[in-house]
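# Structural overview for review
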Amino acid sequence: MKIAVIGQSLFGQEVYCHLRKEGHEVVGVFTVPDKDGKADPLGLQAEKDGVPVFKFARWRAKGQALPDVVAKYQALGAELNVLPFCSQFIPMEIINAPQHGSIIYHPSLLPRHRGASAINWTLIHGDKKGGFSIFWADDGLDTGDLLLQKECEVLPDDTVSTLYNRFLFPEGIKGMVQAVRLIAEGKAPRLPQPEEGATYEGIQKKETAKINWDQPAEAIHNWIRGNDKVPGAWTEACEQKLTFFNSTLNTSGLVPEGDTLPITGAHRPGVVTKAGLILFGNDDRMLLVKNIQLEDGKMIPASNFFKGAGSSALELTEAELVIAEAVRSAWQRILPNVLEVEDSTDFFKSGAASVDVVRLVEEVKELCDGLELENEDVYMASTFGDFTQLLVRKLRGDDEEGECSIDYVEMAVNKRTLHMPHQLFIGGAFMDAEGAKTFETINPTDGSVICQVSLAQVTDVDKAVAAAKDAFENGLWGKISARDRGRLLYRLADLMEQHQEELATIEALDAGAVYTLALKTHVGMSIQTFRYFAGWCDKIQGSTIPINQARPNRNLTLTRKEPVGVCGIIIPWNYPLMMLSWKTAACLAAGNTVVIKPAQVTPLTALKFAELTLKAGIPKGVVNVLPGSGSLVGQRLSDHPDVRKIGFTGSTEVGKHIMKSCAVSNVKKVSLELGGKSPLIIFADCDLNKAVQMGMSSVFFNKGENCIAAGRLFVEDSIHDEFVRRVVEEVRKMKVGNPLDRDTDHGPQNHHAHLMKLMEYCQRGVKEGATLICGGKQVPRPGFFFEPTVFTDVEDHMFIAKEESFGPIMIISRFADGDVDAVLSRANATEFGLASGVFTRDINKALYVSDKLQAGTVFVNTYNKTDVAAPFGGFKQSGFGKDLGNLLLPVTLLLFIHSTNICSKPLSASSCPRCRDVALNTVAVRACFLLGGDI
């Protein structure tokens, strides 16, 4: 069809472009005159395309259409007028002239909200549904017959901008094109508008936008957001007019504590808090305003209202004003479709892409004598006004204004002074729990109180989840590139390395970890984990899949791997920092945000980690840490509708409960690493020295507080007595003592309740008839120390043969010489399947046994050799899902082989005393990790 487009703005430009792509001939464009020498985007685009452009200042005079205007229009021979957005009054002589008449876009569901401020009134009235109408143009009263309507949900915190950008703009363009298509096909309806429910509201102006305080909080919130950003809802306070922006009813967890702000006519004074300005309706419900515009036009965070001029917009010097104008020109060059760069102009909403970020950073470097900006700076200050303020602060050298305040507990330990945060970490700030509730965290070495730690409540969980959700949906984390995200994680790993002695000391103090082991494993592997996953950030890829259900066969399916959103991380007390790192690093690498619940008995390294995320530049809200009880914090995370994934390490009983809560709440994803009773089978043909050494490690590593600890050792009968003799000999050499002493082998158990559980466990073993060879008692000294323990003569029916101790207790059972299948049956006779091990020099036996063992990890001639590149997880009631390893590779079996203990003779079918006549080249291995030597 031949179409005349009458209108203006980017919306008009997009409709015009899409109509041309549809094959329609745009015979002319009618738009507004240039303003300050700058053309409207619609007119600019049409002129580039060689389409006639008309810029009439007016279409009529004294109620009559101007003849020369009508003549120029009629000369084009248009068959349809399309009015995507038009601020001028078009006479009916033009409206009715074409063969198909005229259609116009209106941003409301007519007949509701007729008039020029339809979006504003949709929000002011608190409508739950919004949308747009395309109707046959009338005499300007928005009463013409309907052609097409589309609706959307109005979100509780929507503003004019968010509703327009999310739905009315993109879907409106599609709707206009669809309407023209229906007209061209002769299928366009003409549905009379009903009068029922019809409303007509006038244009919102500043003088009419004053807030009426005698109404509920929700109505006040709707008034503020309905006038955000133009004209702006205002009130009188502190002898000036204050205009409020960015309002929300999401005040979960907020406490109205702070400086009061008396407001003329308000039901109660407002309260300025760290989160913003809390206001009250006449129903005493709260709403929160995050930004305030002062009477002089300066926009400030509401939380800074009483902080003086230093917290508001900077006053620029003459030289800085010159720089600001030069930067404004740079923005104008980068954003050619923007008519005029104003303080409110948003860099990205105006069409900028990632390449434009680089260009802006480089232009600023040239304009400001080499000033170095980060890409993140542009994302953090995306409006021109904010960007100018950020730039000037950096030029003045005072850009650290927002540094987080931390209330440390200081303690001189291990020849250093520890600085330990002890409050909740939410939204990039350390804060007290609701009601200032706290609990004591205990030093297991002597039973003394280390400090008071904030005890998170349900409302704190809601606040943390809201912060994580906002960071995921609206924050910098989702805007930066995957490679920049990886760079931040590398920086975090570097900071963890710089603070590794402090972190290891805190692990020793709070968890009883032996300091040297904490350096290597607790902290060392945590650093490795973040570095490993930092490298994965830009390698998480989808796939292209050819499909053949249609002809010609040129169809493709594209898949993308996307972050799920807010992840709840519930970690155990045995490796506080390492378990946090295993789960958190992968979540962050994929672009998720996290709420971490450390174990209540070991919260301090998690809070120190939170501090390091700030120093690394991880955006606020991406990482949140909530010390507290599992029954409150863990349960609320599992139930919360905005949490999309739970990662849990702990007991099978609690894991089942979490899984049920995740299903009932919102069918959230869940990964579980649960209990274990890992069997270790030691055959008579093993390297006995190595078996004793690694057998000791398999049980006593990290005081036995190890999820993959060998819960039961099966030793072949012919070497059983010698194995036990050597083990007891080694146990008696172990030094039990202060975990900070460099020669300590065995520190205290993690907490008193666990110590009591271990004593009961041993008492039950003795009662059932197992032989207690050594240990089994608390060490007679302050603290929670337990003797390394060895049981023999353990029968399959006994409690200690079936249940996990999670402590330094070796459970040894015999099996008959050569009876491989029988011992395998006994080893697999458990509902757990986390790890397992086998010691033998026979490669055929090693592979046969490893294939039959029902466990996520099988160690061959070694133990405890986890690595960040190897996926880790269990079978059966030991859970499902994997930590660590290749994000894209589902692995169900890991086989760790220490090959120096396996025959390395050339492959052949000839007899070999160590290979038992087996042709090695006939053996296939599913997943083989060689830890030294050659096979």
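Model, not experiment: these values are computed from the prediction.

Considering all chains together, one arrives at 41 salt bridges under this definition. Between Lys-365 and Glu-372 there is a salt bridge; the shortest N-O distance is 3.7 Å. For Glu-372, a relative accessible area of 53% puts it in the exposed group. Among the charged side chains, a network of salt bridges with common partners joins Glu-502, Lys-608, Glu-611 and Lys-615.

Turning next to the UniProt feature "binding site: (6R)-10-formyltetrahydrofolate" (unreviewed entry) in the protein. Here, the residues flagged by UniProt with the feature "binding site: (6R)-10-formyltetrahydrofolate" (unreviewed entry) are Gln-88, Phe-89, Ile-90 and Asp-142. For the residues just named, distributed over 55 residues, the greatest C-alpha separation is only 13.8 Å, placing them together at one site. Following the sequence through the fold, Gln-88 ends up in the loop between β6 (80-83) and α4 (92-95). Among residues more than four places away in sequence, those in contact with Gln-88 are Thr-31, Val-32, Pro-33, Phe-56, Ala-57, Arg-58 and Trp-59. A polar contact of 2.8 Å, which involves the side chain of Gln-88, links it to the backbone oxygen of Phe-56. Within the secondary structure, Ile-90 sits in the loop between β6 and α4. Once you skip the residues sitting within four places of it in the chain, Ile-90 turns out to touch Ile-6, Trp-59, Leu-83 and Ile-95.

In this section: the nonpolar core. Judged by nonpolar contacts, the single largest core of 122 residues is most densely connected at Phe-387, Ile-682, Leu-713 and Phe-723. Sort the elements by how many residues they give to this core and helix α16 (residues 576-589) lands first, with 10 residues. Ignoring anything within four residues of it in the chain, the contact list for Ile-682 reads Ala-691, Leu-713, Phe-714, Val-715, Glu-716, Ile-719, Phe-723, Phe-815 and Phe-839. Formed by 35 residues, the second largest nonpolar core is a distinct cluster that contains Leu-42, Val-51, Val-154 and Val-160.

In this section: the domain arrangement of the protein. When cut into domains, the protein gives domain 1 (2-185), domain 2 (207-304), domain 3 (324-396), domain 4 (408-539 + 552-673) and domain 5 (679-865). Once you take the C-alpha centre of each, domain 3 and domain 5 turn out to be 63 Å apart.

What counts as what
Residues numbered from 1 in each chain as written. Predicted model: local features only at pLDDT ≥ 70, side-chain atom pairs only at ≥ 80, totals over all residues. Heavy atoms only, no water. Salt bridge = Lys/Arg side-chain N within 4 Å of Asp/Glu carboxyl O. Buried < 20%, exposed > 50% of the residue type's maximum accessible area, 1.4 Å probe, protein only. UniProt positions renumbered as here; feature names shortened; annotations may be inferred. Helix = DSSP H or I, 4+ residues; strand = E, 2+ residues; numbered from the N terminus. Contact = heavy atoms within 4.5 Å. Polar contact = N/O pair within 3.5 Å; in protein donor to acceptor, adjacent residues only side chain to side chain. Core = buried A, V, L, I, M, F, W, Y, C linked by side-chain atoms within 4.5 Å. Domains from an automatic or database assignment.

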